[in-house]
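Coordinates in review
In case you want the letters, here they are:
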Amino acid sequence: MKYYSGTIADCKIAYIGGGSRGWAWRLMADLAMEPELSGTIALYDIDFEAARQNEIIGNRLSAREEAAGKWKYEAVKTMGEALTGADFVIISIMPGTFEEMASDVHAPEAYGIWQSVGDTVGPGGLLRALRTLPMYIEIAEAIQTYAPDAWVINYTNPMSLCVKVLYHVFPGIKAFGCCHEVFGTQKVLRNILEDTTGLKGIDRSEILVNVVGVNHFTWFTEASYQGMDLFPIYRDYVDSHFETGYTKGDDSWLNRSFSSGQRVKFDLFRRYGFIAAAGDRHLAEFMPGDQYLASPDSVREWMFALTTVDSRKKELEKRLEKSRALAEGRQEVELKPSGEEGVLLIKSLCGLTRCISNVNIPNTEGQIPNLPRSAVVETNAVFSRDRIHPVMAGDVPEGVLPLVRVHAENQERILHAALQCDFELALEALMHDPNAEAKIDREQGRKLLAKMIRNTMAYLPEEWKDRVK
């Protein structure tokens, strides 16, 4: 890359999964609003026509007069072509189709196992990992061959395991995972602060937090605003709103698959004294299945939702129509910030600025001393020119540690089960998952796992056919 008076005009980004309908457009908007970065984006996707459509959409956006960042979008047919010469690699893929995801999420319901997301932990997270990690082995090998010095930004779930396998295959990779769940909890704290103090206009980033945990199961051990400790304010709010949740009298969350009344978050704070820093739908899945996910009725009482795959399919139909409208010029990409920090992190790694953000990377520097060094953990880190310095976040609090550690240890089981196509090891991982463990015995687990593997066989390595009886 070349620097011109504080700007970069020749950055190359390889986008693996560049046929995305939705997230890609938010990234395009963020890049178009950033005047200090320009360059080329190579869009690679197994669905080339989807990437080709995004090429048209991206170039239409870049040609608009109000687009400050000028990018040339190019759909390419091979991963090697996308990666060659890349300064940054973005990975955001859908491992399989919604048919496989339907099995991930809904097959366990026959055994009383309910999942509100099904992409990170639980039976759904396990099966998603088994078909995603072989894809990531191929991606890591390609990065090592074509772009070994590139920074790699992962957005795919299960986040921790995707990052973990990248380092397992290519130890010298410069990879990290980005997730916006922490941002959502900062916004909750911001809103509570404004509601209770009368302060207005607080930006989410002004809520300063210390982050510890694993992706989608992070915790704030500190939270402040301009020197003000937010824990007492949060405690008072939780005590006075525990039954009603954070809804401001609005029950519209009941009809929105991704919303909640924050009661799981409130309950975890009451029980453990620290602020759980992800959405309730994710947090619930990390806990024993007889607690927040005991039944659909209990889910409703805790004021969050079970996101069905049918609802995702309907949403995809809308996005496919929007993709056609954008490509044909009947609709325009809206130029507004996405709320993600990917572009800010790219700027920082280019040396154009410096920032602190939450990041998923291996615990090799002991940023969380009481979790294994081999675990992929989520803490804050300082992003600066060609460097990520993880913040020494400190220990996971003693009461929370057993909850987090079981999932960090399960990451290791799932990684090796995927690498070795090992059914028994995958079964061990399933039976160590708190959601499943609370609902089924080992024989039921064996039957469920075999069924789910058969349902997703089209996206698994051939070796699995001989491992499932």
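Reading the values: the criteria
Residues numbered from 1 in each chain as written. Predicted model: local features only at pLDDT ≥ 70, side-chain atom pairs only at ≥ 80, totals over all residues. Heavy atoms only, no water. Axes fitted to C-alpha atoms, helices over the stretch in contact; angles between N-to-C directions. Helix = DSSP H or I, 4+ residues; strand = E, 2+ residues; numbered from the N terminus. Parallel < 35°, antiparallel > 145°, perpendicular 65-115°, else oblique. Left-handed = near helix turned anticlockwise from the far one by under 90°. Contact = heavy atoms within 4.5 Å. Disulfide = S-S within 2.5 Å. Buried < 20%, exposed > 50% of the residue type's maximum accessible area, 1.4 Å probe, protein only. Phe/Tyr/Trp six-rings, centres within 6.5 Å; stacked < 30°, edge-to-face > 60°. Lys NZ or Arg CZ within 6 Å of the ring centre and 35° of its normal. Nonpolar A, V, L, I, M, F, W, Y, C, P; charged D, E, K, R; others polar.

Further remarks concern the packing of helix H14 (residues 401–420) against helix H15 (residues 423–431). Contact geometry for H14 and H15: axes closest at 8 Å, N-to-C directions at 155°. By the angle between their axes, H14 is roughly antiparallel relative to H15. Crossing of H14 against H15: the hand is left-handed. Touching Asn-410, Arg-413, Ile-414, His-416 and Ala-417 of H14 are Leu-425, Ala-426, Glu-428 and Ala-429, all from H15.

A full pass over the atoms with the stated rule returns 0 disulfides. For the unlinked cysteine Cys-11, the closest cysteine sulfur is that of Cys-350, found at 5.1 Å. Judged by its relative accessible area of 1%, Cys-11 falls in the buried class. Cys-162 forms no disulfide, and the closest cysteine sulfur to it belongs to Cys-179, at a distance of 12 Å. The class for Cys-162 is buried, based on a relative accessible area of 0%.

Residue placement: Gln-53 occurs in helix H2 (residues 48–63). The sequence separation of Gln-53 and Leu-326 amounts to 273 residues, and the corresponding C-alpha distance is 8.8 Å. If we ignore the near neighbours within four places in the chain, the residues touching Gln-53 are Arg-21, Ser-323, Arg-324 and Ala-327.

For any pair of aromatic rings, the description consists of the separation of the ring centres together with the inter-plane angle of the planes. Scanning all chains against the criterion turns up 14 aromatic pairs. Between Trp-219 and Tyr-272, the aromatic rings sit 6.1 Å apart at their centres with planes inclined by 85°, giving edge-to-face as the arrangement. With Trp-219 in strand E9 (residues 217–225) and Tyr-272 in helix H9 (residues 263–272), this residue pair connects regions lying 53 residues apart in the sequence. Judged by relative accessible area, Trp-219 falls into the buried class, the value being 0%. Since its relative accessible area comes to 23%, Tyr-272 is described here as partly exposed. Of the aromatic side chains, those joined through ring pairs into one cluster are Phe-231, Tyr-234, Tyr-237, Tyr-246, Phe-266 and Phe-269. The ring of Phe-48 carries the charged tip of Lys-77 above its face, separated from the ring centre by 5.1 Å. Just above the ring of Phe-183 sits the side chain of Arg-204; from NZ or CZ to the centre is 4.0 Å.

Next up on the list: helix H6 (residues 159–169). For H6, the buried fraction is high: 8 of the 11 residues fall into the buried class. Looking at H6, one finds that the buried residues are Met-159, Ser-160, Leu-161, Cys-162, Val-163, Lys-164, Val-165 and Leu-166.

H15 packs onto helix H5 (residues 122–146) with a crossing angle of 150° between their chain directions and a minimal axis gap of 9 Å. By the criterion of interaxial angle, the relationship of H5 to H15 is roughly antiparallel. Seen from above, H5 lies across H15 with right-handed handedness. Residues Pro-123, Leu-126 and Leu-130 of H5 pack against Ala-426, Ala-429 and Leu-430 of H15. Residue composition of the contact of H5 with H15, by class: 6 nonpolar, no polar and no charged.

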